[in-house]
There are 2 protein chains.
Amino acid sequence: MTKFGLALAATLSATAPAQAEDGYDLWLRHAPLPTAQRLAVDPYAGCVAAAQRATQVTIAIAAREIESAIDAMTDKAAPRDCTASAAAAAPSHGVMIGTRDDPAIAALGLPLAKAGDEGFVIRSIERDGRKLIVVAANRPVGVLYGAFALLRELQTGTAIDALDVTEQPKVDLRLLNHWDNLDRTVERGYSGQSIWDWWKLPDVNDPRYTDYARANASIGINGAVLNNVNAKPDSMTAPWIAKAAAVADVLRPYGIKVYLSARWSTPVELKQTTTADPLDPAVAAWWKAKADEIYAAIPDFGGFLVKANSEGQPGPQDYKRTHAEGANMLAAAVKPHGGIVMWRAFVYSEADPDDRAKQAYADFKPLDGKFADNVIVQVKNGAIDFQPREPFHPMFGTMPKTPLMMEFQITKEYLGFATHLAYLAPMYEEVLDADTFAKGKGSTVAEVIDGSLEGHKLNGMAGVANIGSDRNWSGSIFDQANWYAFGRLAWDHQLSSDAIAREWAKQTFTPDPAFVQPVTAMMMGSRETVVDYMTPMGLAHLMATGHHYGPGPWVSDLARPEWNPVYYHRADKDGIGFDRTASGSNAVAQYMPQVARGFASRRSVDDKDLLWFHHVGWDEKMKSGRTLWAELLHRYDRGVAGVGDMQARWATLKPFVDAPRFEEVTRFLAIQQREAIWWRDASIAYFASVSGRALPTGVQPPAHDLEYYKAIEHSYAPGHH
Amino acid sequence: MTKFGLALAATLSATAPAQAEDGYDLWLRHAPLPTAQRLAVDPYAGCVAAAQRATQVTIAIAAREIESAIDAMTDKAAPRDCTASAAAAAPSHGVMIGTRDDPAIAALGLPLAKAGDEGFVIRSIERDGRKLIVVAANRPVGVLYGAFALLRELQTGTAIDALDVTEQPKVDLRLLNHWDNLDRTVERGYSGQSIWDWWKLPDVNDPRYTDYARANASIGINGAVLNNVNAKPDSMTAPWIAKAAAVADVLRPYGIKVYLSARWSTPVELKQTTTADPLDPAVAAWWKAKADEIYAAIPDFGGFLVKANSEGQPGPQDYKRTHAEGANMLAAAVKPHGGIVMWRAFVYSEADPDDRAKQAYADFKPLDGKFADNVIVQVKNGAIDFQPREPFHPMFGTMPKTPLMMEFQITKEYLGFATHLAYLAPMYEEVLDADTFAKGKGSTVAEVIDGSLEGHKLNGMAGVANIGSDRNWSGSIFDQANWYAFGRLAWDHQLSSDAIAREWAKQTFTPDPAFVQPVTAMMMGSRETVVDYMTPMGLAHLMATGHHYGPGPWVSDLARPEWNPVYYHRADKDGIGFDRTASGSNAVAQYMPQVARGFASRRSVDDKDLLWFHHVGWDEKMKSGRTLWAELLHRYDRGVAGVGDMQARWATLKPFVDAPRFEEVTRFLAIQQREAIWWRDASIAYFASVSGRALPTGVQPPAHDLEYYKAIEHSYAPGHH
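Residues numbered from 1 in each chain as written. Chains lettered and ligands numbered in written order. Predicted model: local features only at pLDDT ≥ 70, side-chain atom pairs only at ≥ 80, totals over all residues. Heavy atoms only, no water.

1. Some details on the pairing of strand 11 (residues 404-409) of chain A
Residue and element names in this part refer to chain A.
- The buried fraction of strand 11 amounts to six of the six residues, a majority that puts the element mostly inside the structure.
- Of the two faces of strand 11, the one holding Leu404, Met406 and Phe408 and the one holding Met405, Glu407 and Gln409 are both buried throughout.
- As judged from the four bridges shared by strand 10 (residues 375-380) and strand 11, these two strands associate in the parallel manner. Bridge pairing in strand 11 places Gln378 opposite Met405.
- Where strand 11 and strand 12 (residues 460-464) come together, five bridges link them in parallel fashion. Paired with Glu407 across the bridge in strand 12 is Ala462. (Buried < 20%, exposed > 50% of the residue type's maximum accessible area, 1.4 Å probe, protein only. Helix = DSSP H or I, 4+ residues; strand = E, 2+ residues; numbered from the N terminus. Pairing = 2+ DSSP bridges.)

As structure tokens, this is what we get:
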């Protein structure tokens, strides 16, 4: 029987339009296909021919995924037992999967050279009078990726006898970064506890780890950093290595490697060395032995992720060594095992009075070319910190001799946590498509991080995960789309955010165009809506401090200057914005000259980035013809209206969505609506007080005075420690 | 379709004996009945006749519960829509439910006088040629309780045409105490986060709250204290009252009232009074207004639970007022609304050098008769703190003029958290059946707390909940039995723990006697097994400090003496145990004389309580003929062997249990086995070092030396803050 609460809910609601769901199945629901398509797929149902099933666990998994999904899509109730069988379904139709080592696959002469190590070929063929769907690859993981791709094609409406797909990923390291603490809290986690039940590991592998692996494999993610970048020394001790190894054992058949965040001072804190100086032989020897110990437990361990000399974390600079010296020492430890080091560039110092946005570049640019060949530097998409909008990070395109890895944030630390709807793929896409001009026009950030621009073999994309113990994984149904989109873009950064939204919506809800079109439109505008009501026109980091929930543009009393929102907006009676041109911090000079000129010029800079780069008078005219003050007000209002539009649109979609998921989204949108108004009103009240500007006629005044907004506190906000 | 992980698991395991389950359905699975019984029940399937369905939501819920459960038990796949219909199922058979206000029910002349306010009558009758099952009660909640009782009868094998049950609860307040913090952590919680997603309340009521209400109603629980007894002032502010009210709205139709823990110093901390002196009129006025505010939001609010002057919590003694003065001031605030105050007796002071076990009695005994009539004093089952075994608390039977409420702990703070299997009903039963001799022989603790002994109208039983966000609610399948048993005993303390185990096992797994008999035997012995390997023969509080996980009998360096395990065992080279007789702390004198004599006499005291009351020489002979040292060793070994027996027994039950639940229990038992050995070895190593005694021939020496065990640390243990 179905889960009891849902069963009761369904019984109580006489008009439930679809079977109650709780979001656990993500985009892998494999709902029954529309009739015409179901009839076409039906003859393929049955046991998949997979000669390598018995010898390759990954092939066996791929075969079962296809079998059970096609059964579900064609509404066959009872799962069949194909364990011992490699027989195809019907005499006339079948599905066959395998690698090039399977003679039956090899005999087909498919273009496997184009599939690479992780890619696949899917093709509808006829052979000996049978209609066959073939999923072929060079390695078993490619077959698994191909299996999930096949199911995606079917679920999104591709005709089963017209399949012809050859793919390989554009980026090699497609990683989730879990900021998961050892006490099972999650830094910036808004979806319950850590998925890793450390306390019960390694004895108990929660079945959910397997479902996690499936979901990730279905979108091509091939690595997971299990623990928070703000790491504890414990993670490097034997009991915790055993826990990581137990997780690795579950993830391995799904092509996912385990990585660990390493705390720089670990050997000192474990009292096993007296220093963490990377040039001290005892330190290097300790890490070498530690790497050997980890690889003994996890033979395919991926390597280390390091946050060093950043926000109070220790690092090589504590010993007057560079980031490169630190990274290279660790890299030498994992090198014999094929491991890598991902060294984060997210650094800024309370001792450095210069513009925070400039500090990572300043630290790392002189080190270009000094990193070992198994080090990759992991750079956030923007120079501050995962804001609703930031211009691309100036390190992209200016560090030609160093492989750079993208760090996106999937969890919505600065975008309203789980209850504000914001589809992030347009934000990712905006950065990936940005032109660095590193090798002339068209040198996109995507080409930097996929290694193609400078020919780097190491290349990758990391996303700070939004996955937790919540039943729906991500805290909200629509936040599942951000996980999905991150994986899809890591696989292929040329996919459009719109196309990704469409395929996600089809799989997560229904392929009915009457649903897909409006929901996609709603998703596509959602992030810009958040920008509008939180930080329009290049404003940034105006959130309440600490937990980053709600507006706090007035905060000015924190110890470090760059912790205060006033540091970022610099509003005074004359104007607002951070002058990063030559007359100010000159951060623009860190970009290639063409880019720098574009940002530095008031004529060419886009309004969306205006206040990031310029301090602008309140009464200056914008491109719209409005004054800056009026334009800001306009955008706040547009943000609030945008949420109202989402509510109205979602309400029309009720016939397509099961009751529990419809209700959850409805409730969350109501929160977002109320809080968009809060953001608008608090921001307007504050900026009016600073600027001394009155509200033009027709602009709704804030519901309360500024003191009211300043007094709002959100104790016990999730994700903050 | 079923949830994807489970679906895949089922597909991969060709020999899964039962459909995969994740424990979410608790004891309300309503699995298909055995064939003969299903044929008997089948004619009753259909829409329940419930004339009050349209006007009484509780009746509507009861009707739907019966309809959907009988559908499930008789394997009818599609739920029917009975919303608009009150028609019975078949012309020949039917189920009819309602209160005495329903003329059709009233006409039956059932013995509703015996059902009281919350009870019910269930009867199989024939009327106008139809076979009817009737569930009748005086109030709607009685109908709901009766509905769940009917389903329990059916699921556990009672013949449907022989039903004749009249019940009412023996205790009025049947409450869960949630030690749930506002940041969603749970003090002593081992099943994930708090079930209360405070952050999203009051906007979002997790559907799980409804399932929580159902589960509790099914065992008769009628109140929930939502927040930790270590309370924050925030809980009394408007935003948090709104959150509690939203939960109350969900629980209300299920007969469950919401209560809140109140922090004594709340008005001072909120800066609304300058003192928390209970005799200060401003303080009383503040609480009166606060009560009015709460009742405006929650008209049936139950009242306050207070932990005062206990473990650092503020209280009336800070102002030289008594517990009674404090409780009565709060009681006056809720009195006009019909609310109550539950005042905890769990007090002990670092400033009091006397035996900690004596301090609650010493504080409260002088106050007997001084509490207002809407105050009930909540007393833990034993005088220390929820140990695997404690003699009953000396306040029971010695406070005749004061209503006393039982506080049991359901969450296993001192019994191995979620991964050690310990069925606690025998422990509850042991205390409830203990004889206080308050009014001569046979004056049981149960009669104290049900109010019958002294004729108290206020009476109750509270259990510290083991419920969290884990999918299986309680952290383990068998810990669900402790929740279940607590509810059942609160309803009827005369039920045997064995009978409760049987009915739980039948509903949670299968009614097959080949399963029920061995699993019940396993459960029944499990708590004694934990006592054996942790704290045999009356030892107590030897757990590692802070989180209370694993052995720490050697700990002696904590600031407060009674925080140290050595305080409790008092082992030295000559002997072990806490002399609580006249030659020692004379705690025995707090009991009635007959009880005191029994505990004080080495001849009459049971070995199970020996070292609680006596300091005994290592070489003294026990009733078994062994020396104390040998007897202790014997019991440690028996504890380890007991876990081995559970493992062996569970292994034989595989054919009866679905794969995921079988596997979870198997894994947890493996942890328990390893840790039982850890407990035994560490305890023996320590006591051997203190006593200087060698191990007799044949006794397995500890695997490691004492220093090894002392060095074990469990950082990041759950449930500790």
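2. Some points on the state of the cysteines
All names here are of chain B.
- One pass over the full model with this rule turns up two disulfides over all chains.
- Each disulfide pairs two cysteine sulfurs, and for Cys47 the partner residue is Cys82, the sulfurs being separated by 1.9 Å. Judged by the sign of its S-S torsion, about -85°, the cystine formed by Cys47 and Cys82 is left-handed. Here Cys47, found in the loop between helix 2 (35-41) and helix 3 (57-73), pairs with Cys82, found in the loop between helix 3 and strand 1 (93-99); they are 35 residues apart in sequence, far enough to count as distant. (Disulfide = S-S within 2.5 Å.)

3. Quick look at the pattern of salt bridges
All names here are of chain A.
- Applying the stated rule across the entire model yields 102 salt bridges over all chains.
- For the salt bridge of Arg389 with Glu430, the shortest nitrogen-to-oxygen distance reads 2.8 Å. On the criterion of sequence distance, the pair formed by Arg389 in the loop between strand 10 and strand 11 and Glu430 in helix 12 (residues 425-432) is long-range, its members being 41 residues apart.
- The salt bridge partner of Asp498 is Arg502, with a shortest N-O separation of 2.9 Å. Of this pair, Asp498 and Arg502 both sit in helix 15 (residues 497-508), four residues apart, roughly one helical turn. (Salt bridge = Lys/Arg side-chain N within 4 Å of Asp/Glu carboxyl O.)

4. Looking at the confidence of the model for chain A
All names here are of chain A.
- Across chain A, the average pLDDT comes to 95, with 97% of residues at 70 or higher.
- Residue range residues 1-16 is modelled with pLDDT below 50. Its contacts to residues more than four positions away, or to other chains, number 37 contacts.
- This prediction of the complex comes with two scores: 0.96 for pTM and 0.95 for ipTM. (pLDDT = per-residue confidence, 0-100. Contact = heavy atoms within 4.5 Å.)

5. Topic: helix 21 (residues 659-691) of chain B
- The end-to-end C-alpha distance of helix 21 of chain B, which contains 33 residues, comes to 47 Å, matching closely the 48 Å that a straight helix rising 1.5 Å per residue would cover.
- Looking one or two residues beyond helix 21 of chain B, the residue adopting positive phi is B:Gly692, at roughly 75°. (Expected span 1.5 Å × (residues − 1).)

6. Some details on the sheet that holds strand 1 (residues 93-99) of chain A
All names here are of chain A.
- With mixed pairing, the four strands of this open sheet are ordered in space as 1-3-2-4. Each edge of the sheet is formed by a strand with only one pairing partner; in this case those strands are strand 1 and strand 4 (164-167). For this sheet, the mean angle separating the axes of adjacent strands, direction not counted, is 20°.
- Looking at chain direction, strand 1 and strand 3 (residues 130-137) are connected through seven bridges and run parallel. In the strand pairing of strand 3, Val95 is matched with Ile133. (Axes fitted to C-alpha atoms, helices over the stretch in contact; angles between N-to-C directions.)

7. A look at the interface of chain A and chain B
- In this assembly, 56 residues from chain A lie in contact with 57 residues from chain B.
- Interface area, chain A with chain B, both sides summed: about 5,000 Å², of which 61% is carbon and sulfur.
- The interface formed by chain A and chain B contains two salt bridges.
- Where A:Arg674 meets B:Asp203, a salt bridge forms, and the shortest distance between an N and an O atom there is 2.7 Å.
- Considering every element that reaches the side of chain A that touches chain B, the biggest residue donor is helix 1 (residues 4-12) of chain A, with five residues.
- Of the residues contributing to the side of chain A that touches chain B, the split by class is 22 nonpolar, 14 polar and 20 charged. (Buried area = accessible area lost by both parts, 1.4 Å probe. Nonpolar A, V, L, I, M, F, W, Y, C, P; charged D, E, K, R; others polar.)

8. Structural notes on the relation of the copies chain A and chain B
- With an RMSD of 0.0 Å, chain A superimposes on chain B once it is rotated by 180° and translated 0.0 Å along the axis. Overall, the copies show the geometry of a two-fold rotation axis.
- Of all interface residues in chain A, 100% are interface residues in chain B too; the two copies therefore contact each other through one and the same surface. (Least-squares fit on C-alpha atoms with pLDDT ≥ 70 in both.)

9. Some details on the packing of aromatic side chains
- Per the counting criterion, the structure on display carries 88 aromatic pairs over all chains.
- With centroids separated by 5.8 Å and ring planes inclined at 35°, the aromatic side chains of A:Trp199 and B:Phe417 adopt a geometry described as tilted. Here A:Trp199 is found in the loop between strand 5 (173-177) and helix 6 (207-218), whereas its partner B:Phe417 is found in the loop between strand 11 (404-409) and helix 12 (425-432) on a different chain.
- An aromatic cluster is defined as three or more aromatic residues linked by ring pairs; in this entry it consists of A:Phe478, A:Trp504, A:Phe509, A:Phe515, A:Trp650, A:Phe656 and A:Phe662. (Phe/Tyr/Trp six-rings, centres within 6.5 Å; stacked < 30°, edge-to-face > 60°.)

10. Details of the domain arrangement of chain A
- Its domain assignment divides chain A into domain 1 (27-167), domain 2 (173-508) and domain 3 (532-578 + 615-710).
- Just the C-alpha atoms count here: the centres of domain 1 of chain A and domain 3 of chain A sit 49 Å apart. (Domains from an automatic or database assignment.)

11. So, the sheet that holds strand 1 of chain B
Residue and element names in this part refer to chain B.
- If you walk across this open sheet you meet the four strands as 1-3-2-4, and the pairing is mixed. Strands at the two margins of the open sheet, each flanked by one partner only, are strand 1 and strand 4 (164-167). Between one strand axis and the next, the sheet turns through 20° on average, direction left out of account.

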